[in-house]
Amino acid sequence: MKFQHQQAAHCESGVISSLMRHHGAPMSESMALGLSSAISFAYLPFIKLSGLPLISYRMPPKAIIKGLLAPMAARFRFETFRSPEAGQQRLDALLADGKLVGLQTSVYWLPYFPPNMRFHFNAHNLLVYGKEGDDYLISDPVFEEPVRCASADLARARFAKGVLAPKGLMYYPQAIDRKTVDAASVTKAIRKTVRNMLAPIPIVGVRGMHTLARRMQKLSPTDPRSVDFIGHVVRMQEEIGTGGAGFRFIYAGFLQEAAQLLDKPQLQQMSERLIAIGDGWRAFALKAARMVKGREAVDPVALAGKLREQAQEEERFFRDLKAAVA
């Protein structure tokens, strides 16, 4: 199979944009993220990861893939399996048929990841484009070059247990009837993102940021569990594919493309504002990380204040974005 690997900033947007390009629909990673309205925020205290609340800076896993189906008039097949054996047989059959296949996996069991990058996160996406002997040929968007993975290791990664267990999930397009992105789809996607971010729900969008800030402010500076909570917020933001600053930067790229497609130069200025907001998230993460590592005194009130600033900046930004595409 003639397949072109391309490194990306995020696994799911990288995988789906590669799949689209491979099937003749030129698409950047930024356009994939923006067109699927995947940028978001949610603070979900009732869903636990290692006993700590789920905090997400994006829509749920598979939202980017499924969000592109309507605007690209695409049909994808999604398959899960009861056993690793059935999953491997089906993958081998698809590869033998020349298919490029997307998989959901656990980062922890992929041996080509350096040990310090492995953690129990079950929604890492990658592409398989071939098999040589017992090794699968993998395009993992996180890496600069294609990688290999032994069948036993890939099976373990595909059938990991726990939150977001992949159950061997694989997916591939059956049809992509629209090969170019139209202006109406871009406008619709922006409006949906604005609705998500300005939703009148206390755990979603900018209101969710304020709710998390209130929770953070109540942490005791002397309780060791406070450090765990702060560290978890940073990990969810910058490490676990939920894309705090990173997603803001990718969405800024989408707005640059949208400015040209819609002939709205003000979207270029909005893009620059969003980059500055992403820088603010990075500064928040850095301050929190310094506290976790003992380089700064643990100060939950200061962190809560920075989080409120981010929420206020994002609220102003998304209100102005709503006006720009009104």
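Residues numbered from 1 in each chain as written. Predicted model: local features only at pLDDT ≥ 70, side-chain atom pairs only at ≥ 80, totals over all residues. Heavy atoms only, no water.

Digging into the packing of aromatic side chains
Tallying each qualifying case throughout the model produces 13 aromatic pairs. Summarising the aromatic geometry, the rings of Tyr251 and Phe254 are spaced 5.1 Å apart at their centres and angled 50 degrees between planes, so their arrangement reads as tilted. On the criterion of helical spacing, the pair formed by Tyr251 and Phe254 is a turn pair, its members being three residues apart in helix α9 (residues 245–261). Both residues of the pair, Tyr251 and Phe254, count as buried. Taking the ring centre of Trp109 as reference, the NZ or CZ of Arg156 above it sits at 3.8 Å. Cation over ring: Arg215 sits above Phe229, and NZ or CZ is 4.8 Å from the ring centre. (Phe/Tyr/Trp six-rings, centres within 6.5 Å; stacked < 30°, edge-to-face > 60°. Helix = DSSP H or I, 4+ residues; strand = E, 2+ residues; numbered from the N terminus. Buried < 20%, exposed > 50% of the residue type's maximum accessible area, 1.4 Å probe, protein only. Lys NZ or Arg CZ within 6 Å of the ring centre and 35° of its normal.)

Details of the nonpolar core
Formed by 78 residues in total, the largest nonpolar core has its most connected members in Met72, Ile190, Leu267 and Leu321. If you look at the next biggest cluster of nonpolar residues, it comprises 25 residues, including Val107, Phe113, Ala157 and Phe159. (Core = buried A, V, L, I, M, F, W, Y, C linked by side-chain atoms within 4.5 Å.)

Details of the side chain of Ser30
In this fold, Ser30 is placed in helix α2 (residues 29–35). Ser30 sits in the buried class, given a relative accessible area of 15%. Apart from residues no more than four positions distant in its own chain, Ser30 is found in contact with Ile250, Gly253, Phe254 and Glu257. (Contact = heavy atoms within 4.5 Å.)

Considerations on the sheet that holds strand β8 (residues 170–176)
Strand-to-strand pairing in sheets goes through backbone hydrogen bonds, with the strands running parallel or antiparallel. In space, the six strands of this open sheet follow the order β3-β8-β4-β5-β6-β7, with antiparallel pairing throughout. Lying at the two open borders of the sheet, with one neighbouring strand each, are β3 (74–79) and β7 (147–150). Each strand of the sheet is rotated relative to its neighbour by a mean of 40 degrees, with strand direction disregarded. As paired strands, β3 and β8 are joined by six bridges and run antiparallel to one another. (Pairing = 2+ DSSP bridges. Axes fitted to C-alpha atoms, helices over the stretch in contact; angles between N-to-C directions.)

What to know about the pattern of salt bridges
Pairing between side chains becomes possible if they bear opposite charge and their charged atoms approach one another. This structure, assessed with the given rule, holds 14 salt bridges. A salt bridge links Lys99 to Asp97, with the shortest nitrogen-to-oxygen separation between them at 3.4 Å. Between Lys287 and Glu296 there is a salt bridge, with its nearest N and O atoms 3.0 Å apart. On the accessibility criterion, Glu296 (26% relative accessible area) is partly exposed. Taken together, the shared-partner salt bridges connect Arg77, Glu79 and Arg90 into one network. (Salt bridge = Lys/Arg side-chain N within 4 Å of Asp/Glu carboxyl O.)

Looking at helix α10 (residues 266–292)
Taking 1.5 Å of rise per residue, 27 residues should cover 39 Å, and α10 covers 39 Å from first to last C-alpha, within 8% of that figure. Looking one or two residues beyond α10, the residue adopting positive phi is Gly294, at roughly 80 degrees. (Expected span 1.5 Å × (residues − 1).)

Regarding a positive patch on the surface
Positive charge collects at one region of the surface, where Lys48, Arg214, Arg215 and Lys218 lie side by side. Judged by relative accessible area, Arg215 falls into the partly exposed class, the value being 34%. (Patch = residues over 30% accessible without salt bridge, like charges linked within 9 Å, V, L, I, M, F, W, Y side chains within 5 Å. Areas by Shrake-Rupley, 256 points an atom, 1.4 Å probe, with all protein chains shown as cover. Lys, Arg positive; Asp, Glu negative; His and termini not counted. Charge placed at Lys NZ, Arg CZ, Asp CG, Glu CD.)

Examining the pairing of strand β5 (residues 124–132)
Regular strands show a simple pattern: their side chains alternate between the two faces of the sheet. Extensive coverage of β5 is indicated by the burial of seven of its nine residues. In the sheet, strand β4 (residues 101–105) pairs with β5 via five bridges, with the strands oriented antiparallel. Of the residues in β5, the one forming a bridge with Leu103 is Leu126. Relative to strand β6 (residues 135–139), β5 runs antiparallel, the two being bridged by five bridges. Looking at β6, one finds that Lys131 is bridged to Tyr136. Where β5 hands over to β6, the hairpin turn is made up of two residues, of which Gly133 adopts a positive phi near 60 degrees.

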